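Listed below, chain by chain, are the residues.
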Amino acid sequence: MLKAIILIGGPQKGTRFRPLSFEVPKPLFPVAGVPMLQHHIEACAQVPDMKEIILIGFYQPNDELNRFISSAQQELKIPIRYLQEFAALGTGGGIYHFRDQILSGGPAAFFLMNADVCSEFPLQEMLRFHRQHGENHCGVLLGTTANRTQSLNYGCIVENHETNEVLHFVEKPSTFVSDIINCGIYLFTPDIFGHIGTVFQRNQQERIQEELTNGKQMHEVIRLEQDIFTTLAGQKKLFVYKTQHFWSQIKSAGSAIYASRLYLKQYHQTHPERLATNQDGTPKIIGDVYIHPTANIDPSAVLGPNVSVGKGVTIGGGVRVRESIILHGAMLQDHCCVLNSIVGWDSTVGKWARVEGTPSDPNPNDPYAKIDSETLFRDGGLTPSITILGCNVNIPSEVIIRNSIVLPHKDLNRSFQNQIIL
């Protein structure tokens, strides 16, 4: 018997995903036409003997999350429930806090994954790898290869090349350690809770001392990467399974467009019915495109590659959309052009207007390149990136919006470039 735990986090200050996360919790943001979290859940549901999927985070339960869980349960025929942390407890603290719930029913092992990654989720391969390595270890980490420079932005894993044992683990090192990076997807046995418990007891004493000294209450934050993996490395307790399949983080809105491209390409194998095709009386499709059945699109529009069109979207005649996400209820009027952008819920782009961003893709000439963590500002100006229109934004006819972020409920009256419009 197996279970899967997905860490969905919670509302964060200064997140790079705003203004999109104003409207929905980030894990429910649509990537390739379905909520980001659904890709994780679909992968978990494919694993034989998977009994339950548990979401852990510190979002307040809300209608949107409840609707998503109810819909996913009905569609995939697997129990899904949400456990709310009382505060952000870290990647290890959350699962330790709810360890009784996770261990109920006596699972032999459980998957743990972060919600803000996109991947092919080779869970069944990880399970086979875990079984091949006997019963003495307590975890398998999914790893992938990055280039030397970008590896410093991730947890780095040094492995024994013959046995795949994790010999050394460093979270975001200051100098090069290894080109194998942690993907944030794990398979653990219940033994892991013993190791987390040791750290918890040690931290408890330090916390009590800190609270007595400063009078400030602290939460039981335990981070798997810094507190657990660094200790267990080299003790024959952790192994790394390296994947050659796609993997990327979804930390910013720009990375959501890149993730959408990866998932749309994967749909050829997993969900070909989700991909639009060229037919008489339908818009021209180039490459991989998702169109919600309720969208109303003029046959003279041209969409793709890498476009997803949400529920109830209206797209007029002669419109061109490429490398973009159009969220539900948006309207693209005749002959407008949308490139490398996210058009928010119920927003309108006027006739002959142009909404354009700068792609933030990894270096196409480097097979191990990952998407860079974007800084919002560089050299005193806004870093050129994708254009984001928040919800209910109105772009007038015949203007250009380039490399800009427009906050919700704005009626613009002129062109903008490299600006945040508050």
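Quick summary incoming for the structure in this document. Predicted model only: the values in this text are computed from it and were never measured. (Residues numbered from 1 in each chain as written. Predicted model: local features only at pLDDT ≥ 70, side-chain atom pairs only at ≥ 80, totals over all residues. Heavy atoms only, no water.)

1. What to know about the overall build of the protein chain
Then, in step 1: When helices and strands are tallied, the protein chain shows eight helices and 34 strands.
Then, in step 2: A compact globule built from 422 residues should have a C-alpha radius of gyration of about 22 Å, and the protein chain, at 23 Å, falls within 12% of that.
Then, in step 3: Here the C-alpha coordinates of the protein chain stretch approximately 65 × 50 × 45 Å along the principal axes.
Then, in step 4: In the structure as shown, the protein chain presents an accessible area of about 18800 Å², 47% of it carried by carbon and sulfur atoms.
Then, in step 5: The average position of the 36 basic charges and that of the 40 acidic charges among the side chains of the protein chain differ by 2 Å. (Helix = DSSP H or I, 4+ residues; strand = E, 2+ residues; numbered from the N terminus. Rg over C-alpha atoms; globule rule 2.2 N^0.38 Å. Areas by Shrake-Rupley, 256 points an atom, 1.4 Å probe, with all protein chains shown as cover. Lys, Arg positive; Asp, Glu negative; His and termini not counted. Charge placed at Lys NZ, Arg CZ, Asp CG, Glu CD.)

2. Here's the deal with the packing of aromatic side chains
Then, in step 1: All told, the structure shown has eleven aromatic pairs when counted by the stated rule.
Then, in step 2: For the pair Phe169 and Phe229, a centre-to-centre distance of 5.3 Å together with 75° between the ring planes defines the contact as edge-to-face. One end of the pair, Phe169, is in strand β10 (residues 166-171); the other, Phe229, is in helix α7 (residues 224-232), with 60 residues separating them in the sequence. Neither residue differs from the other here; Phe169 and Phe229 are each classed as buried.
Then, in step 3: Here the aromatic rings of Phe246 and Tyr263 are separated by 5.8 Å at their centres, their planes lie at 85°, and the arrangement is edge-to-face. Here Phe246, found in the loop between β12 (238-242) and β13 (247-249), pairs with Tyr263, found in helix α8 (residues 253-270); they are 17 residues apart in sequence, far enough to count as distant. Neither Phe246 nor Tyr263 differs from the other in exposure class; each is buried.
Then, in step 4: Pairwise contacts between aromatic rings join Phe110, Phe169, Tyr186, Phe188, Phe193 and Phe229 into one cluster.
Then, in step 5: One cation-aromatic arrangement involves Arg99 over Tyr96; the distance from NZ or CZ to the ring centre is 3.9 Å. (Phe/Tyr/Trp six-rings, centres within 6.5 Å; stacked < 30°, edge-to-face > 60°. Buried < 20%, exposed > 50% of the residue type's maximum accessible area, 1.4 Å probe, protein only. Lys NZ or Arg CZ within 6 Å of the ring centre and 35° of its normal.)

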